[in-house]
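A look at the structure
Read off the chains here:
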Amino acid sequence: MSQSMVYYVTTILVYLGVDILACWSFNLQYGVAGILNFAFIMFQAVGAYTAAVLTLGPSSGNGGFQHYILGWTLPFPIPILVAGVVAAALAYVVGLIALRRLRADYQAMVMLVISVIATLVVTNELGLFNGPAGLALIPEPLSSLVSSGGYPWLYVGVTAAICVIVYLFVHRVTSSPLGRTLRATRDNQDAAQALGKDVVKLRLFIFVFSNAIAGISGALLVEFIGAWSPGSWLYVETFVILTAVIVGGTGNNAGVIMGALLVPIAFNEATRFIPPFGRPGLVDAMQWVVIGILAPIFLWFWPRGIIPERRRRFKVPAILLVGSDQSPTRPEMTTAEAKGEVD
Amino acid sequence: MTAVVPVYSLGFGLVTASILALAAVGFTLQFGVTNILNLAFGDLMTASALVGYGVNVIGGTLAESLLAGAVFGAIASALLNRYVYTPFVRHGTKLFGMVIVTLSTGIVIQNFILGWFGANFFSYKVAQTKTYHVVGMYFTSIQFMIMGLAIAVMIVVQLLLTQTRLGKAMRATAANPALAQISGIATDRVIDVAWLMSGALCGLAGVVLVLNTTSFQSTTGNDFLVVIIAAAMLGGVGRPLGALVGAVILGIATEVSAAYMSPSYKEVIAFVVLVIVLLVRPGGLFGNADAVRSSNA
């Protein structure tokens, strides 16, 4: 492969990994727990900024052309891990404000407002993360280990490894009793509460957990592309991830991989080959128009996405059937069907 | 007085509050009656401002621009509801789904404007106006017009809601749509009227917003949307009078705080006020906390 081809392929693979992590995180909140987190991109951003300022040297370096806090020059895995922790801490604080028992659309509004506050603060507080210009020249981690030609592949490997590790955690959550309880709170909050589940606490937990993943995804991205600014995390970026989750299959970890592949990756890459026509920026604007139409189309025709959430069936334990005239397997419904939302 | 609060900033605050009041009352009125969180509101403001701009370019007066903006906003909102939002509601799309549909609509409108007109700034052609000096505050004649318009519209809306049968029907529909319907209120018609009114206010707010900021682009309305939402939530969503109070508080708080610290922080102040109020009173200043509690509606 030519050098530029390697660069192209590896960049797409890293972006795919980052988007998959983001989609899993968003799906845990939206698809599993029923939290519409319009501030999602803020958690990805805080992870990215944290990793950036921990990887960069002191603010006075490089002729002091950018100003930021910390600048600790920490070695590879630490900035990414700390990014997850910082995103989790922020999620805890935001969750305390936004995740109380408010109507779902109210929660979404509060998140939207918080996301905008964050952009304003980071843009105006110049000493924090270099204001609107953002951070640049973030050193490549692990670049001393391999030749410069092999580096992109090394990073693809790192991204893949992190995806696998995160998947193990995500799968563990969604397939456990915890995941089942969260789906119950999503489908019928009052019933879940009546059964003694602490809805607010459970949601706060999943909010913190999944936004840690969002932070890690942002960190992975920034360590690869080496730059990060407020322009890359306007709140509409959350909408791309949201669309990916809806298209792929809300509530399904495999489905949202499909969504990540189709919406941010295939869609953005496919339009890259459209020759520019009209005035500059027209293609970009039309791309947003199409993304804006995509989510409602799926909500109308395929509200459960390309790979829908699996119907969960539970076998009735044999002991309960002894002496009862019940058939061995009860007709099971997904909770969505039980609510009459499906066909 | 001058030692405590710079009076000139109070003047800016009153102008901002007037614009915000028009928008927030329109936003909250429709949300209260229909329960649809219309996140396309800001982008409709931009579109209305553009229509007003078109009238301005072909030589219309300011009043004609305002009228064109209001009419466009009203019709576009009503059509949007009838041909986009209502079909989704009937199709079974729930709360989250509707938020996503309105957000999508906003993104489509905004980028349609961007694609069609490019990333340009537009400015209304307005004759050079005099600046008036009133008890330490400075206003241009356009700002006087904006404040007068806002006060007049607020009075009309308040009278309409409290003194007419239509207003009564709207309040009934907002409080309990099913009960309103079986009591003989044509709720569909009421909802249409709510969208028309909300859209007219949206259009007016769009035009006065860009008259005050003097130039605008495809994102101007949407940038303002979050402050509108903040004002509406501060007053208690669905409460027009609350939205008015929220708008006045936020408008003055932002501009006065700008006199003490970097003006770029004035919106942060607005949101901090909102977050504090929500922590203390989740329903907003005038809202009912139970109305915003979660249920599986």
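Quick caveat: nothing in here was measured; it's all calculated off a predicted structure.

**Quick notes on the overall build of chain B**
- Scanning chain B from N- to C-terminus turns up 11 helices and 2 strands.
- Whereas a compact globule of 297 residues would reach a radius of gyration of roughly 19 Å, chain B reaches 19 Å, a difference of no more than 12%.
- Counting the 297 residues in chain B, one finds 54% classified as buried.
- Look at the contacts in chain B between residues 6 or more apart in sequence, and 74% of them connect residues 24 or more apart.
- For chain B, the accessible surface area stands at approximately 12500 Å², while carbon and sulfur atoms represent 67% of it.
- Across chain B, the mean location of the 13 positive side-chain charges is 10 Å away from that of the 8 negative side-chain charges.

**A look at the interface of chain A and chain B**
- Across the boundary between the two partners, chain A contributes 46 residues, which contact 47 residues of chain B.
- Counting the contacts that link chain A with chain B gives 0 salt bridges.
- Applying the counting criterion to the chain A and chain B interface returns 3 residue pairs in polar contact (both at pLDDT 80 or more).
- When contributions to the side of chain A that touches chain B are tallied by element, the ones reaching two or more residues are α4 (104–124), α7 (177–187), α8 (189–194), α10 (236–248) and α12 (282–301) of chain A.

**Regarding the packing of aromatic side chains**
- Taken as a whole and judged by the stated rule, the model has 25 aromatic pairs over all chains.
- The interplanar angle of 45 degrees and the centroid separation of 5.2 Å between the aromatic rings of A:Trp24 and A:Tyr167 together place this pair among those described as tilted. Of the two residues, A:Trp24 sits in helix α1 (residues 3–32) while A:Tyr167 sits in helix α6 (residues 151–175), which places them 143 residues apart along the sequence.
- Looking at A:Trp24, the relative accessible area reads 4%, which means it is buried.
- According to the relative accessible area criterion, A:Tyr167 is partly exposed, its value standing at 29%.
- Aromatic rings pair up to connect B:Tyr53, B:Phe112, B:Trp116, B:Phe117, B:Phe122, B:Tyr124 and B:Phe216 into one cluster.

**Comments concerning the pairing of strand β2 (residues 137–140) of chain B**
- In β2(B), alternate side chains face the same way, and those of B:Met137 and B:Phe139 are buried while those of B:Tyr138 and B:Thr140 on the opposite face are not.
- The turn joining strand β1 (residues 131–134) of chain B and β2(B), which pair antiparallel and follow one another in sequence, is formed by 2 residues; a positive phi near 30 degrees is taken by B:Val135.

**Re the environment of A:Ala98**
Residues and elements named next belong to chain A.
- You can see Ala 98 is positioned in helix α3 (residues 77–98).
- For the pair Ala 98 and Met 111, spaced 13 residues apart in sequence, the C-alpha separation works out to 6.8 Å.
- Residues within four places of Ala 98 in sequence aside, it is in contact with Gln 107, Val 110 and Met 111.

**Here's the deal with the pattern of salt bridges**
All names here are of chain A.
- Following the criterion strictly, the structure yields 4 salt bridges over all chains and no others.
- Of the charged contacts in the structure, one is a salt bridge between Glu 309 and Arg 186, with a shortest N-O distance of 3.3 Å. Of this pair, Glu 309 sits in the loop between α12 and α13 (318–321) while Arg 186 is found in helix α7, placing the two residues 123 residues apart along the sequence.
- Here the salt bridges do not stand alone but share partners, grouping Arg 186, Asp 187 and Glu 309 into one network.

**What about the packing of α1(A) against α10(A)?**
Residues and elements named next belong to chain A.
- Put simply, α1 and α10 touch, their axes get as near as 9 Å, and they point 75 degrees apart. Accordingly, the angle class assigned to the pair α1 and α10 is roughly perpendicular. Contacts between α1 and α10 involve Asp 19, Ala 22, Cys 23, Phe 26, Asn 27 and Tyr 30 on the former and, on the latter, Thr 238, Ile 241, Leu 242, Ala 244, Val 245 and Ile 246.
- Tallied by class, residues from the contact of α1 with α10 come to 9 nonpolar, 2 polar and 1 charged.

**Describing helix α9 (residues 220–235) of chain B**
Residue and element names in this part refer to chain B.
- Over its 16 residues, α9 extends 23 Å from the first C-alpha to the last, a length consistent with the 22 Å expected when each residue adds 1.5 Å.
- The largest bend in α9 comes to about 30 degrees, at Val 226.
- For α9, a buried count of 15 out of 16 residues is recorded, marking the element as mostly surrounded by other parts of the structure.
- Within two residues after α9, Gly 236 carries a phi angle of roughly 105 degrees, on the positive side.

**Here's the deal with the domain arrangement of chain A**
- According to the domain assignment, chain A contains domain 1 (3–310) and domain 2 (317–343).
- Its C-alpha centre places domain 1 of chain A at a distance of 37 Å from the equivalent point of domain 2 of chain A.

**A word on the side chain of A:Thr243**
- Structurally, A:Thr243 is set in helix α10.
- Residues in contact with A:Thr243, not counting those within four places in the same chain, are A:Val263, A:Ile291, A:Leu294 and A:Ala295.

What counts, and where the lines are drawn
- Residues numbered from 1 in each chain as written.
- Chains lettered and ligands numbered in written order.
- Predicted model: local features only at pLDDT ≥ 70, side-chain atom pairs only at ≥ 80, totals over all residues.
- Heavy atoms only, no water.
- Helix = DSSP H or I, 4+ residues; strand = E, 2+ residues; numbered from the N terminus.
- Rg over C-alpha atoms; globule rule 2.2 N^0.38 Å.
- Buried < 20%, exposed > 50% of the residue type's maximum accessible area, 1.4 Å probe, protein only.
- Contact = heavy atoms within 4.5 Å.
- Areas by Shrake-Rupley, 256 points an atom, 1.4 Å probe, with all protein chains shown as cover.
- Lys, Arg positive; Asp, Glu negative; His and termini not counted.
- Charge placed at Lys NZ, Arg CZ, Asp CG, Glu CD.
- Salt bridge = Lys/Arg side-chain N within 4 Å of Asp/Glu carboxyl O.
- Polar contact = N/O pair within 3.5 Å; in protein donor to acceptor, adjacent residues only side chain to side chain.
- Phe/Tyr/Trp six-rings, centres within 6.5 Å; stacked < 30°, edge-to-face > 60°.
- Pairing = 2+ DSSP bridges.
- Axes fitted to C-alpha atoms, helices over the stretch in contact; angles between N-to-C directions.
- Parallel < 35°, antiparallel > 145°, perpendicular 65-115°, else oblique.
- Nonpolar A, V, L, I, M, F, W, Y, C, P; charged D, E, K, R; others polar.
- Expected span 1.5 Å × (residues − 1).
- Bend = angle between axes of the 7 residues up to and from the residue.
- Domains from an automatic or database assignment.

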